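A closer look at the structure
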Amino acid sequence: MIKGRAEKSARPFAFKRTGAPMTDQAPAIELKGISKAFGPVQANKDISIRVMPGTIHGIIGENGAGKSTLMSILYGFYKADAGEIYISGQKTAIPDSQAAIAAGIGMVFQHFKLVENFTVLENVVLGAEDSGLLRPSLSRARRELKNLAEEYELNVDPDALIEEVGVGMQQRVEILKALYRKADILILDEPTGVLTPAEADHLFRILENLKREGKTIILITHKLREIMEITDTVSVMRRGEMTATVKTSETSPPKLAELMVGRKVLLRVDKAPAQIGKKILEVKDLNVTDDKGVHRLKGVSFDVHAGEILGIAGVAGNGQSELLEVLGGYEKATGSIKLNGEEIDLTGAKSDGQSRRTRGISHVPEDRQREGLIMDFQAWENTAFGYHHDTEYQRSKLFMNNAAIRKDTEEKMARFDVRPPDPSLAAKSFSGGNQQKIVLAREIEQNPDLLLIGQPTRGVDIGAIEFIHQQIVALRDQGKAILLVSVELEEILSLSDRIAVMFDGKMMGERMPQETDEKELGLLMAGMTTEPRGPVHEAVEEQLATAGSTAAKEV
Amino acid sequence: MDVMPKWADVILIPLISILLAAILSALVILAIGENPWEALKLMVDGALGSTYGWGYTLYYATNFIFTGLAVSIAFHARLFNIGGEGQALIGGLGVAIICLFIPWPHWSLALLGAAIGAAIFGAAWAAIPAFLQAKRGSHIVITTIMFNFIAAAVLNYFLIGALKAPGMEPATAKFPEATHLPSFQDMFNFGETTFFRGAPANITFFVALAACVALWALIWKTRLGYEIRSFGHSESAAKYAGISPTKIIMVAMLISGALAGMMAINNVQGEAERLVLNAVEGAGFIGIAVALMGRSHPFGVLLAALLFGFLYQGGAELALWTSIPRELIIVIQALVILFTGALDNMVRMPLERLFLSMRRAKNGRTV
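From a predicted model like this one, the values you see are computed outputs, not experimental measurements.

What counts as what
Residues numbered from 1 in each chain as written. Chains lettered and ligands numbered in written order. Predicted model: local features only at pLDDT ≥ 70, side-chain atom pairs only at ≥ 80, totals over all residues. Heavy atoms only, no water. Helix = DSSP H or I, 4+ residues; strand = E, 2+ residues; numbered from the N terminus. Rg over C-alpha atoms; globule rule 2.2 N^0.38 Å. Buried < 20%, exposed > 50% of the residue type's maximum accessible area, 1.4 Å probe, protein only. Contact = heavy atoms within 4.5 Å. Areas by Shrake-Rupley, 256 points an atom, 1.4 Å probe, with all protein chains shown as cover. Pairing = 2+ DSSP bridges. Buried area = accessible area lost by both parts, 1.4 Å probe. Salt bridge = Lys/Arg side-chain N within 4 Å of Asp/Glu carboxyl O. Polar contact = N/O pair within 3.5 Å; in protein donor to acceptor, adjacent residues only side chain to side chain. Nonpolar A, V, L, I, M, F, W, Y, C, P; charged D, E, K, R; others polar. Expected span 1.5 Å × (residues − 1). Bend = angle between axes of the 7 residues up to and from the residue. pLDDT = per-residue confidence, 0-100. Axes fitted to C-alpha atoms, helices over the stretch in contact; angles between N-to-C directions. Domains from an automatic or database assignment.

Helices and strands together make up the secondary structure of chain B, namely 16 helices and 2 strands. Compactness check: chain B gives a C-alpha radius of gyration of 22 Å against a globular reference of 21 Å for 367 residues, within 12% of the reference. Seen through its C-alpha atoms, chain B measures out along the principal axes to roughly 80 × 60 × 40 Å. When burial is assessed residue by residue, chain B has 52% of its 367 residues classed as buried. Counting contacts in chain B only where the partners sit at least 6 residues apart, residues at least 24 apart contribute 77% of the total. If you sum the accessible surface of chain B, you get close to 16,400 Å²; carbon and sulfur atoms cover 69% of it.

Written out as structure tokens, the structure is:
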């Protein structure tokens, strides 16, 4: 079966436009009129796509556009309300994931599904054992892994425990699992979210190898750059609908962004040079050991000045979250933090979020759904969140002035263009971008001396990203100090006036954005100050595996 | 976007649940050879047909309001306080001590004193599981259940020991005359026509109503209520906002225990006028059903408590006048709890689908 595919795909430009069959070759996957609704939400609306064998097909769209739902239908997790699935021209019903595997579909999820305390080999075999006895399966798998490794550059150590290897290798194990089950179609859901640039490049080389061998790959992402770099064709989804399918070579990032959002968007941040003022935040020798006894922050020191954005880059789970939590007042630490020259309590009664706020620290947390907002609360209740002791929100000593909070919310919603501008709507009813605007409005309009902001645009639609970036720059131009934490290197590079890189709880050094690039930052993110000998991605992975950084920290 | 309009959520669903429970109950009654229609008439007549019946219904409802509110406030902090029974028992101990050992000049002062005493005793009993939850992570469901048994044992100890009145019974002495609360019979006595004759409902009912209003204001109008609700919805968010989990767990459980304890001014001071064994008679557990059915909203709790008051009194009448055995009354009450509390989704899901398809149809026409 595999051989046949490889021959066919050798033909160049196997792609053709939707609905206009020109050759007799059957598409590897064809979806016809797929629809799926969750309650009142139409997640997928009449979606049709065809993916030719031996190509890489990108599916791009904002969060909530319905990409993951579509792939879950293809993998048998959800049942479509309407529509048909054809695999290699055969109409196929996929009631569960077993059926999907049998049809030759493999899926690599955003959050890996591996048994942490099993070896790589055991994970590959799990669920695909040949017989009741484990040993024959394991030795067969070991041979097969060796072949696959040579063929596709998919190197893994079969006897390593999953919990001891890095994220990059875990991802390769997921790919190997699919290949071991004879998958011809590989679906990858946001595969680069947890990878450093070097590891992402390596992944793309693997995908190219797979494609050359005739595998069909569907890549789900929200990153325009990845689409441009590796896909042959791309489908754009917006609000549950497939808005376009085009050849990648015939499109451009601005065009794709416009298709995703439905209007023209600015992909670059416009900002004037920073007017740097006095020192606002001074952090010295900060150490955090979490309740599991893991040393999360190791002697971190840095400063942030007025009128400056300090960007902190790093792979998720290298101490950035703990740093924000300490500064935000809900993680205990040792060391010293000075705000405007005054020492801040790091333990005890004065080390909570309330006292941080009264000192002039505002905090847009990394995870707005778990921390920044209460999803069941209405927008106006969320506007007072954390500031519910403020005098302008009180009617008397006993009662809150709910009417005043509502009015304030209405005004903030108007200024930050929150849609729909309804203070009585529950936070969960807003889109990711509008949720973030509610948090941003609350924190920025407190007029803080220091703004902590974590992952400002995670899960935020492109249209809102532009606005949020403008707001952050505007606050900087008012002479406020801003500490930005983001795992998106592009965001760090375009927003920051100075960049610090964190790795394994330590500061790896600072760079000026105009004097560095993604490559250098990528190495620093893996704890390397000089370029290693040999393949970069391997060295990077080695470092990250031993650093004890976990993707699990990322939500 | 909410799937259903609010009125369907708060009125239609409980109503359908009750109806289903009633139908099933009717079938059970039919199965043992009685007439369900007659039984229903008897229940309505016994519970609501006279001021005497009403006097009992409202008396039971008063108990359920207190325990229902107690469970509700804990629910808002996402704490499941199953210990209402024990807290009410210990509240009764507080009432007994205050009524027996302080020479009160007037019932109004005695009511105030007893209410405070009941609240403090109930709260103190809830404080121990709360502390264990907040500081040690012991699950509050487990500890409050265990504390029900301990409370019963403590009461036993006092009623056969220090507080025992002379005689055979494990009970305290009758409280002094000055602590007796005015019953509805005393309050609604207009010359020759006396309402509520012989019924135990008393002025505590109005205290319960006041508690409903006060709790409503606390939950939705004050900073404390805001913090309790925040914590209940998301502990991680509460931490981010600087709300102390320990404080909220303690405060919410203290209020909860105080409310459960205050039930004792109704049954101990108002009705029995002395403390007996098992004074609470399961009202602490009924409070869970009342809070579930009332969606943890004080006014919902009020309505649910009235319904359960009706079931209690109607059931007692049924047992008295028909050959329907007493156990079957418990079955009927259990069916109502089952449908309104546990099987909420059974009614909710089809109803949501119905509303959804109705809206789709409507949208389809307008488009």
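Right, let's talk about the side chain of H202(A) for a bit. Residue and element names in this part refer to chain A. Relative to the elements of secondary structure, H202 occurs in helix α7 (residues 197-212). Take H202: its relative accessible area is 3%, and that puts it in the buried class. Beyond its immediate stretch of four places on either side in the chain, H202 contacts E153, R172 and H537.

Another aspect to go through is the pairing of strand β18 (residues 481-485) of chain A. All names here are of chain A. A large share of β18 lies buried, amounting to 5 of its 5 residues. Along β18, one buried face is formed by A481, L483 and V485 and the opposite face, lined by I482 and L484, is buried too. Of the pairings in the sheet, the one linking strand β13 (residues 308-313) to β18 comprises 5 bridges and is parallel in character. Paired with I309 across the strands is I482, a residue of β18. Strand direction decides the pairing type here: strand β17 (residues 450-454) and β18, joined by 5 bridges, are parallel. Looking at the pairing, L450 lines up with A481 of β18.

Time to look at the interface of chain B and chain A. Between chain B and chain A, the contact holds 24 residues from the first and 33 residues from the second. If you sort the residues of chain B by the area they bury against chain A, R223(B), Y226(B) and Y240(B) come out on top, with a joint share of 38%. Across the contact surface, chain B and chain A share 1 salt bridge. Between R229(B) and E381(A) there is a salt bridge whose closest N-O contact spans 2.7 Å. Inspection of the chain B/chain A interface yields 20 residue pairs in polar contact (both at pLDDT 80 or more). For the side of chain B that touches chain A, the secondary-structure elements that each account for two or more residues are α8 (204-221), α9 (223-233), α10 (235-240) and α16 (344-366) of chain B. Looking at the side of chain B that touches chain A element by element, the count peaks at 6 residues for α9(B). Each residue belonging to the side of chain B that touches chain A can be placed in one class, and the counts come to 11 nonpolar, 6 polar and 7 charged.

We now examine the pattern of salt bridges. Taken as a whole and judged by the stated rule, the model has 39 salt bridges over all chains. Residues K45(A) and E241(A) are paired through a salt bridge, measuring 3.7 Å at the closest nitrogen-oxygen approach. One end of the pair, K45(A), is in strand β2 (residues 41-51); the other, E241(A), is in strand β10 (residues 241-247), with 196 residues separating them in the sequence. Among the ionic pairs, E273(B) bridges to K174(B), the shortest N-O distance being 3.7 Å. Within this pair, whereas E273(B) is found in the loop between α12 (264-272) and α13 (283-293), its partner K174(B) is found in the loop between α6 (140-159) and α7 (184-187), the two being separated by 99 residues in sequence. Note on E273(B): relative accessible area 15%, which makes it buried. Assessed through its relative accessible area of 52%, K174(B) is described here as exposed. Residues participating in the shared-partner salt-bridge network are D130(A), R140(A), E144(A) and K182(A).

Residues and elements named next belong to chain A. Among the 5 residues that make up β17, 5 are buried, leaving the element largely enclosed by the rest of the structure. Side chains of β17 alternate between two faces, with L450, L452 and G454 and L451 and I453 buried alike. Looking at chain direction, strand β16 (residues 361-364) and β17 are connected through 4 bridges and run parallel. For H363, the partnering residue across the bridge sits in β17 and is L452.

Residue and element names in this part refer to chain B. The terminal C-alpha atoms of helix α5 (residues 107-136), which comprises 30 residues, lie 42 Å apart, in line with the 44 Å expected from a rise of 1.5 Å per residue. The principal kink in α5, of about 30 degrees, is found at A127, preceding the proline P129 by one to four residues. Remark: G137 follows α5 within two positions and exhibits a positive phi of approximately 75 degrees.

Moving on, we come to the confidence of the model for chain A. Residues and elements named next belong to chain A. For chain A, the mean per-residue pLDDT works out to 87, and 94% of the residues sit at or above 70. Within chain A, helix α1 (residues 2-9) has the poorest average pLDDT of any element, 41, and β18 the best, 97. With pLDDT under 50 throughout, residues 1-22 is counted as low confidence; its partners more than four residues away or in other chains account for 36 contacts. In the model, residues 549-555 has pLDDT below 50 throughout and makes 19 contacts with residues more than four positions away in sequence or in other chains.

Time to look at the sheet that holds β13(A). Each strand in a sheet pairs with its neighbour through backbone hydrogen bonds, running either in the same direction (parallel) or in the opposite one (antiparallel). Residues and elements named next belong to chain A. What the 6 strands build is an open sheet, ordered β16-β17-β18-β13-β19-β20; its pairing is mixed. Where the open sheet ends on each side, the last strands, each with one partner, are β16 and β20 (506-511). Taken over all neighbouring pairs, the strand axes of this sheet differ in orientation by 20 degrees on average, direction set aside. Across the sheet, helix α15 (residues 432-444) is in contact with β16 and β17; its angle to β16 comes to roughly 175 degrees.

Looking now at the sheet that holds strand β12 (residues 295-305) of chain A. All names here are of chain A. With respect to topology, 4 strands assemble into an open sheet ordered β12-β11-β14-β15, the strand pairing being antiparallel. In this open sheet, the two strands that pair with only one neighbour each are β12 and β15 (342-343). Two strands pair when backbone bridges link them, and strand β14 (residues 334-339) and β15 are joined in this way by 2 bridges, in the antiparallel orientation. Across the sheet, residue K338 finds its bridge partner in β15, namely E343. Packed on one face of the sheet, helix α10 (residues 320-328) meets β11 (279-289), β12 and β14 and runs near 115 degrees to β11.

Looking now at the domain arrangement of chain A. Residue and element names in this part refer to chain A. The domain boundaries assigned to chain A delineate domain 1 (31-104 + 184-262), domain 2 (114-178), domain 3 (266-360 + 448-555) and domain 4 (368-447). The straight-line distance from the C-alpha centre of domain 2 to that of domain 3 is 36 Å. A buried area of about 430 Å², summed over both sides, lies between domain 2 and domain 3, and 45% of it is on carbon and sulfur atoms. When the buried surface of domain 2 facing domain 3 is broken down by residue, G166, V167 and R172 rank first, second and third, together holding 54% of it. Here the side of domain 2 that touches domain 3 is built from residues that sort into 3 nonpolar, 3 polar and 3 charged.

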